[in-house]
Amino acid sequence: CCYGGVKMRIHGHYYEPEFLAWKNMKKRCTDARFAKWYGRTNVCPRWLESYDNFLADVGRRPSAQHSLDRIDPKGHYTPENVRWAGKAIQSRNTKLHSTSTTGVRGVSWSKEKQRWRAAIYVANKQHHVGYFFDFGAAAKARKEAEIKFWGETK
């Protein structure tokens, strides 16, 4: 019947994973309960209008291991910023944690060693990249580890 005050036409797609992703995306961005996390995130007006538009732009998910992902986690849900991605890519594609003091993922200060430490997670296992006297060298080593282990960087 209705979703957020808007009449929806359910066309037999209700239990499709793409429909659920579309519905949940809209809910996160329009429901006040999620405003703390998604309050400034918008959904493409075409997608708000209809599921068919969303499906035409994004397509079917490639496998059951894929879910909807924003390429730029600070960006909006738009055709150029959304893709189907697996858990490994999504775990790397997150906002920097609010407690980060360095501004670079995987680089932290080691009080014990009195040096910058670089590390990276691969397949849920932390890999130590090294200790560095220079912050820039630690950040560079972390970036090189991303290329080595992930084959890509953001």
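Note that the coordinates shown come from a computational prediction; the quantities given were computed from them, not determined experimentally.

Caption draft 1: Representation of the sheet that holds strand β6 (residues 115-122) within the structure. Spatially, the 3 strands line up as an open sheet ordered β5-β6-β7, and their pairing is antiparallel. Two strands close off the open sheet at either side, each with one partner strand: β5 (107-110) and β7 (125-132). Recorded for the sheet is a direction-independent mean angle of 35° between the axes of neighbouring strands. Summarising the sheet, β6 and β7 pair through 7 bridges and their orientation is antiparallel. Residue pairing for β7: Trp116 is matched across the bridge by Phe132. Each of β5, β6 and β7 is contacted by helix α6 (residues 135-150), which is oriented at about 15° to β6, the strand it contacts most.

Caption draft 2: Region of interest: the pattern of salt bridges. Applying the stated criterion to the full structure yields 8 salt bridges. Between Arg60 and Glu16 there is a salt bridge, with the nearest N and O atoms lying 2.8 Å from each other. Placement of the pair is Arg60 in the loop between α4 (51-58) and β3 (67-70) and Glu16 in the loop between β2 (6-7) and α1 (17-30), with a sequence separation of 44 residues. A salt bridge links Asp31 to Arg33; its shortest N-O distance comes to 2.7 Å. Classification of Arg33 as exposed rests on a relative accessible area of 57%.

Calculation rules
Residues numbered from 1 in each chain as written. Predicted model: local features only at pLDDT ≥ 70, side-chain atom pairs only at ≥ 80, totals over all residues. Heavy atoms only, no water. Pairing = 2+ DSSP bridges. Helix = DSSP H or I, 4+ residues; strand = E, 2+ residues; numbered from the N terminus. Axes fitted to C-alpha atoms, helices over the stretch in contact; angles between N-to-C directions. Contact = heavy atoms within 4.5 Å. Salt bridge = Lys/Arg side-chain N within 4 Å of Asp/Glu carboxyl O. Buried < 20%, exposed > 50% of the residue type's maximum accessible area, 1.4 Å probe, protein only.

The values reported here are purely geometric and, on their own, carry no functional implication.
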